[in-house]
Structures are given as C-alpha cells and as structure tokens.
Amino acid sequence: VDLLIAHVEEVLGDLDSVDAWALVIDGCGPLDRTLDDAELESALEILADYADLKSPWYLGHSRAVSDLAARTAGAAGLPPEDVILIRRAGLVHRLGAAGVSTGIWNKPPPYSSSEAERLRTVPYLTERTLSRQPELARLGAVAGMCHERMDGSGYPRGLSGAAVPVPARILAAADY
C-alpha cells in the first residue's frame, strides 16, 4: 500500500484515459477477428448464461426468452434475418444485469425506489455494453427495448407505438 501511495500518479494517473477495448482487443490476433455464425451463437449463449448467473431466479431465463421469441418471430412469418436478430437479442437481453448489485437481485420484493430504479437500468446497460462493435450494437438496440411497452409505460425510454420496432415487441412479449 505504501508503495502504491508513493507512486499513485505513475500507476493510476491515466486510468481514466485508457481505452480498455483497444488495450485488450486491438493487436491481439486471437481476439481481434470476426467470429463465424456458430462461434457468435456460442459466445452469445455464454453471455446469456453469465447474465442469468447474477440471480438464481433467472437461471436459464435468457435462453428460454431467446427460444420463445425466435419461434414466435418464425411463426409470425418474419424474414430469417429478423428471426436470427431476435434470437440473438434474446440471448443478451439481460447482460446489463451484471451492472446491478447482487444484493438487490437476491433481495425479495418490494424494492426501495432507488433499488427499483437501478433494476430499470438493465436494458440501458445491456445496450451500452454491446454498443462498441457494430453487429453487437444491432443486438443491443433490440435487447435494450425488451421492457418498452406499446402504451409508453415501459422503460428505459418510455417508447410507444411505432417507436417500438417489431423485433423489440416480440422480444418484450417473450420476456414478459
């Protein structure tokens, strides 16, 4: 501790200016590459399971929502690319749960107003987490609307009607 305190600026001085994505990904061949469809599906399933581990109440939830939403999209006659988008967005729709304290997730309702507000950030955090990479950003845009409602009563944006695209409507219904 004394050594860190003596060199705090040298060790931590530029911490806020470090781009973690570039530091970890750029220039690291095995990480800095495009995944094929099977690899992407596998990675998204891992993220789904990771997000669901945040609370024992949600184990298997993301995969189940993803499957239900994809089957619904297919039955509704959506184009195959939309079915894939919906399935993948369903897998990651709870990724933002990692940004909420486990103490809140493990607490039975009712939640305090501040706890409820923190829970309402999950879709926003999901979208922000996925925003850096273009393909993941497409998924995040849909996943980030999983709690929007046609009447405008949803969150985080309070979108309504046509502002909620069909893929997000299907995902929201599957997650309800």
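See the structure above.
Residues numbered from 1 in each chain as written. Predicted model: local features only at pLDDT ≥ 70, side-chain atom pairs only at ≥ 80, totals over all residues. Heavy atoms only, no water.

Participant: Honestly, the overall build of the protein in this entry has me stumped. Any pointers?
Facilitator: Along the protein, the regular secondary structure elements total 11 helices and 0 strands. Beginning at the N terminus, the succession of helices and strands in the protein can be written as α-α-α-α-α-α-α-α-α-α-α. Along the first, second and third principal axes, the C-alpha set of the protein runs to 65 × 45 × 30 Å. Counting all 176 residues of the protein, 33% fall into the buried class. At a minimum sequence separation of 6, the contacts of the protein that also span at least 24 residues come to 57%. Here the protein displays about 10300 Å² of accessible surface, and carbon together with sulfur accounts for 60% of that area. Side chains of the protein give 16 positive and 25 negative charges; the mean places of these two sets differ by 8 Å. (Helix = DSSP H or I, 4+ residues; strand = E, 2+ residues; numbered from the N terminus. Buried < 20%, exposed > 50% of the residue type's maximum accessible area, 1.4 Å probe, protein only. Contact = heavy atoms within 4.5 Å. Areas by Shrake-Rupley, 256 points an atom, 1.4 Å probe, with all protein chains shown as cover. Lys, Arg positive; Asp, Glu negative; His and termini not counted. Charge placed at Lys NZ, Arg CZ, Asp CG, Glu CD.)

Participant: Before we go on, may I ask you to explain helix α11 (residues 166–175) in this structure?
Facilitator: Think of an α-helix as 3.6 residues a turn; residues three or four steps apart then line up on the same face. Of all 10 residues making up α11, 7 are buried, and the element is well covered by its neighbours. Listed as buried for α11 are P167, A168, I170, L171, A172, A174 and D175. Buried residues belonging to α11 abut α5 (61–75), α6 (80–92) and α10 (134–143).

Participant: Mind showing me how you'd approach the layout of surface pockets here?
Facilitator: Think of a ball as big as a water molecule: rolled over the atoms, this probe shows where empty space is left. When its volume is computed, the largest pocket comes out at roughly 770 Å³. Forming the boundary of the largest pocket are 26 residues, of which W21, L35, L40, Q133 and L136 lie nearest the centre. Counting residues per element, the ones that place at least two in the lining of the largest pocket are α4 (37–52), α9 (122–129) and α10. With 5 residues, the top contributor of residues to the lining of the largest pocket is α4. For the lining of the largest pocket, the residue count by class is 14 nonpolar, 5 polar and 7 charged. (1 Å grid on protein atoms, 1.4 Å probe; cavity = no way out; pocket = protein on both sides within 12 Å on 5 of 7 lines; lining within 4 Å. Points joined across faces, edges and corners; volume = space filled by probe spheres on them. Nonpolar A, V, L, I, M, F, W, Y, C, P; charged D, E, K, R; others polar.)

Participant: I'm lost on the pattern of salt bridges in this one. Help?
Facilitator: Note on pairing: side chains with opposite charge can pair once their charged atoms come close. Within this structure, the stated rule accounts for 13 salt bridges. Between R87 and E41 there is a salt bridge, with its nearest N and O atoms 2.7 Å apart. You can see R87 sitting in helix α6 and its partner E41 sitting in helix α4, a full 46 residues away along the chain. By relative accessible area, which is 13% here, E41 ends up buried. R63 serves as the salt-bridge partner of D49, at 2.8 Å between the closest nitrogen and oxygen. With D49 in helix α4 and R63 in helix α5, this pair connects stretches of sequence that are 14 residues apart. When its relative accessible area of 37% is taken as the criterion, R63 is described as partly exposed. Put simply, D37, E41, R87 and R88 are held in one network by salt bridges that share partners. (Salt bridge = Lys/Arg side-chain N within 4 Å of Asp/Glu carboxyl O.)

Participant: Even after reading the chapter, I still don't get the nonpolar core, so can you show me in this structure?
Facilitator: Across soluble globular proteins, nonpolar side chains have a tendency to be buried as a group. Of all hydrophobic cores here, the largest spans 27 residues; its most connected members are L44 and L171. Contributions of two or more residues to this core are made by α4, α5, α6, α10 and α11. Ignoring anything within four residues of it in the chain, the contact list for L44 reads R88, L91, V92, L136 and L139. In terms of nonpolar packing, the next biggest core, distinct from the first, is built from 6 residues, A97, I104, L119 and V122 among them. (Core = buried A, V, L, I, M, F, W, Y, C linked by side-chain atoms within 4.5 Å.)

Participant: Explain the packing of aromatic side chains to me, please; I cannot follow it from the model alone.
Facilitator: The description of an aromatic ring pair rests on the distance of the ring centres and on the angle between the ring planes. Inspection of the entire model under this criterion finds 1 aromatic pair. Seen from their ring centres, Y58 and W105 are 5.6 Å apart, and the 80° between their planes marks the pair as edge-to-face. Placement of Y58 in the loop between α4 and α5 and of W105 in helix α7 (residues 102–105) is noted, with a sequence separation of 47 residues between them. Take W105: its relative accessible area is 7%, and that puts it in the buried class. Above the plane of the ring of Y58 lies R94, whose end atom (NZ or CZ) is 3.6 Å from the centre. In this structure, R94 is placed above the aromatic ring of W105, and the distance from its NZ or CZ to the ring centre is 5.0 Å. (Phe/Tyr/Trp six-rings, centres within 6.5 Å; stacked < 30°, edge-to-face > 60°. Lys NZ or Arg CZ within 6 Å of the ring centre and 35° of its normal.)

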